[in-house]
Amino acid sequence: MITARLSRTLSAAILLGLLAVAPAWAKQPEIPLPDDARVTRLGQTMRVNGNDVVVRTFTTKEATEDVVNFYRDEWGELNGEPGYTIMNLKEPWVLITRIEDDYLMTVQVRPTADDGTEGLLGISRLPDRRRPPKLGEGFPTVGDSEILNEVVSHDPGQSGRTMWLRNKHDLRTNIDFYRDRYQSQGWALDIDRSVGGMMHVLAARKGRNRVNLVLSEIKNGSQIVVNEVTHELL
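Read on for an overview of the structure.

Thresholds, definitions, all that
Residues numbered from 1 in each chain as written. Predicted model: local features only at pLDDT ≥ 70, side-chain atom pairs only at ≥ 80, totals over all residues. Heavy atoms only, no water. Helix = DSSP H or I, 4+ residues; strand = E, 2+ residues; numbered from the N terminus. Buried < 20%, exposed > 50% of the residue type's maximum accessible area, 1.4 Å probe, protein only. Contact = heavy atoms within 4.5 Å. Areas by Shrake-Rupley, 256 points an atom, 1.4 Å probe, with all protein chains shown as cover. Expected span 1.5 Å × (residues − 1). Arc of directions from axis to C-beta. Polar contact = N/O pair within 3.5 Å; in protein donor to acceptor, adjacent residues only side chain to side chain. Core = buried A, V, L, I, M, F, W, Y, C linked by side-chain atoms within 4.5 Å. Pairing = 2+ DSSP bridges.

1. So, the overall build of the protein
And step 1. The helix and strand tally for the protein stands at three helices and 15 strands.
And step 2. The 234 residues of the protein split such that 44% are buried.
And step 3. For the protein, the proportion of contacts with a sequence separation of at least 24, taken over those separated by at least 6, is 55%.
And step 4. On the protein, roughly 12,900 Å² of surface is accessible, and the fraction owed to carbon and sulfur atoms is 48%.

Here it is in structure tokens:
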């Protein structure tokens, strides 16, 4: 069974893939599937940058490498350019994305125990540049930070938000800001660790709330991936 944890992984994947905008809506395209694929609708609500996302799960007996090659063949080129991008996420996940007309299509796959493939299909409208969504409500940011993407999801028993932002401040300034911010508001820091000097991980908790931040040094500043989770009372 594909779990809520799997659906949250898709949230992060969509976050990384949603990098374009389009000015007008077109007819929603269909995501192609291998012939033997079995598809179900995921019992979850999700919004990407203020837009509803249709999410489905699927399984197939085909090997993951064959599924990835299927999308290479199906999506080939678009307007003379490569019609897809492929990203290796945290093992064993592979993400394939395509922007077509006004829509982002996302296929995220991993092997199953019987050498088949399971995954998630996501499709959403790209935001209208004439009416940019207001992202990151209530989240603390340093100075001129820009929130690039936001995914909000609701699973049974918990809700979550994943954001990707960047700013022109150095990594140390961002680390100090978030460490001081959460500690001053009574959060307990479970993780406060540098990774190779170019990346830093902060994980904090307070009551039913959890937040994980991965802060990275980039050219002319820093970028931050944030995952917030609130557990519901049973």
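2. A closer look at the side chain of Thr 64
And step 1. Residue position: Thr 64 is located in helix α2 (residues 64-75).
And step 2. Take Thr 64: its relative accessible area is 10%, and that puts it in the buried class.
And step 3. Excluding residues that lie within four positions of it along the chain, Thr 64 makes contacts with Val 109, Arg 110, Pro 111, Gly 116 and Thr 117.

3. A closer look at helix α3 (residues 171-184)
And step 1. The end-to-end C-alpha distance of α3, which contains 14 residues, comes to 20 Å, matching closely the 20 Å that a straight helix rising 1.5 Å per residue would cover.
And step 2. Within the span of α3, buried status applies to Leu 171, Asn 174, Ile 175, Tyr 178, Arg 179 and Tyr 182. Taken end-on, α3 shows its buried residues confined to a sector of 120°, consistent with a single buried face.
And step 3. Looking at the buried residues of α3, the elements they touch are β11 (158-167), β12 (188-195), β13 (199-206), β14 (209-218) and β15 (221-231).
And step 4. At the N-terminal end of α3, a side-chain oxygen is found 3.4 Å from the backbone nitrogen of Arg 172, two or three residues along, and the residue is Asp 170.
And step 5. Positive backbone phi, approximately 85°, marks Gly 186, located one or two places after α3.

4. Regarding the nonpolar core
And step 1. Core analysis: the largest hydrophobic core is formed by 17 residues, its most contacted members being Phe 139, Leu 165, Tyr 178, Tyr 182, Leu 213, Leu 215 and Val 226.
And step 2. Contributing elements (two or more residues each) for this core: β11, α3, β13, β14 and β15.
And step 3. It is α3 that contributes the most residues to this core, four residues altogether.
And step 4. If we skip the residues at most four places from it in the chain, Leu 165 touches Phe 139, Thr 141, Ser 145, Glu 146, Ile 147, Leu 148, Tyr 178, Ser 222, Gln 223, Ile 224 and Val 226.
And step 5. Among the nonpolar cores identified, the runner-up in size contains 16 residues, and Ile 31, Ala 37, Tyr 71 and Ile 123 belong to it.

5. Section: the pairing of β14
And step 1. The sheet contact formed by β13 and β14 spans eight bridges and is antiparallel. Along β14, the bridge assignment pairs Val 201 with Val 214.
And step 2. In terms of strand pairing, β14 meets β15 through ten bridges, oriented antiparallel. Its bridge partner being in β15, Arg 210 is matched across the sheet by Val 229.
And step 3. In textbook terms, the turn of a hairpin is the stretch between consecutive antiparallel strands, and for β14 and β15 this stretch comprises two residues, one of which, Asn 220, has a positive phi near 65°.

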